[in-house]
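Residues per chain are reported as follows:
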Amino acid sequence: MNALVIIPTYEERGNLEPLVEEVLAQGDLFSVLVIDDASPDGTGELAEQIKIRHPERVEVLHRSGKLGLASAYLLGFRWGIERGYSFILEMDADFSHKPEFLPFLLQTAVNGADVVLGSRYVRGGAVSGWSPNRLLLSYAGSSFAKRVLGLAIADLTGGFKCFRREALQSIDLDGITSTGYAFQIEVTYRCYQHGLRIQEVPIVFGERKSGRSKMSGGIILEAAGLVWRLRFEADRRAVLVQETPLAVGRGGVNGKN
């Protein structure tokens, strides 16, 4: 059994080294894949230095530019699947996701969950260092997505997750179209559509240690638009399922009176 932790980076030089060291300190089961989008601050070069110190447990992929969070995770998923990792985890590079929770997520998957969500909004979860307005915006976003999509999941926008390899293999990764943080909603929803066992576990989400947030108004709008698109897609599929048995001739159902 082994676990790959995917960490996408863009201008995270101040966070990366201590973060990777803390991830590796959680146990020998954990390896790290850093995916850097040509960070101008030298994050990619630093990742290579870390790899030299941990050649068996750290790998680095370099991309040509800032290509987005979703495509980085999808690249990491495919990379981990091809190399046979039993479990594949994702986390942010800024310490908002605390490495100490990695064993908790992994053990929950080992115990039978297909997808484990590190949740800020279940009993025992919390957010530290945020203003009330920012917390309200985040909670409202998750609640909006939950209500529109009809899911019993408290934290749909979080990005601290653990997947069984088989879970990722069962969904259509090529069909995921979101490019930013909306990816977190879409990938969880695709797992739900495939009947995978999804479990939330409480985490404490903190403010980033270094650098600046990548959040923007455009990212929020993309997420809202995605939620409605997924709902429309689900409604359309439901209509097609209902109509198919009734698409019959004049003789009645299946052509019989």
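Please refer to the structure higher up on the page.
Before going into details, it helps to say that this report is about the structure given with it. These figures come from a predicted structure and were not determined experimentally.

### A word on the nonpolar core
So, point 1. Among the nonpolar cores identified, the biggest contains 37 residues, and F77 and F183 are the most heavily contacted of them.
So, point 2. Elements that contribute at least two residues to this core include exactly β1 (3-9), β2 (30-36), α3 (69-82), β5 (115-119), α5 (132-149), α6 (165-170), α7 (182-193) and α8 (217-243).
So, point 3. Excluding residues within four positions of it along the chain, F77 makes contact with I6, I88, E90, F163, L168, L173, F183 and V187.
So, point 4. Core analysis: the next-biggest nonpolar cluster, separate from the first, contains 32 residues, A3, V23, V32 and V58 among them.

### Structural notes on unusual backbone geometry
It is generally the case that most residues other than glycine have a negative phi and that most peptide bonds are trans.
So, point 1. Its identity is not glycine, yet A38 carries a phi of approximately 55 degrees, on the positive side.
So, point 2. Tracing the backbone through its elements, the reader meets A38 in the loop between β2 and α2 (43-53).
So, point 3. A relative accessible area of 39% means that A38 is categorised as partly exposed.

### Here's the deal with the sheet that holds β1
So, point 1. The sheet built from seven strands is open, its strands ordered β3-β2-β1-β4-β7-β5-β8 with mixed pairing. At either margin of the open sheet sits one strand with a lone partner, and together these are β3 (58-62) and β8 (198-202). Averaged over all pairs of adjacent strands, the angle between strand axes in this sheet comes to 20 degrees, irrespective of strand direction.
So, point 2. Note: β5 against strand β7 (residues 161-164), three bridges, orientation antiparallel. Note on β7: the bridge partner recorded for L117 is K161.
So, point 3. Sheet strands in contact with α7 are β4 (87-90), β5, β7 and β8, and its direction is about 35 degrees off that of β7.

Reading guide: rules and limits
Residues numbered from 1 in each chain as written. Predicted model: local features only at pLDDT ≥ 70, side-chain atom pairs only at ≥ 80, totals over all residues. Heavy atoms only, no water. Core = buried A, V, L, I, M, F, W, Y, C linked by side-chain atoms within 4.5 Å. Buried < 20%, exposed > 50% of the residue type's maximum accessible area, 1.4 Å probe, protein only. Helix = DSSP H or I, 4+ residues; strand = E, 2+ residues; numbered from the N terminus. Contact = heavy atoms within 4.5 Å. Pairing = 2+ DSSP bridges. Axes fitted to C-alpha atoms, helices over the stretch in contact; angles between N-to-C directions.

By themselves, these are just geometric observations and shouldn't be taken as functional.
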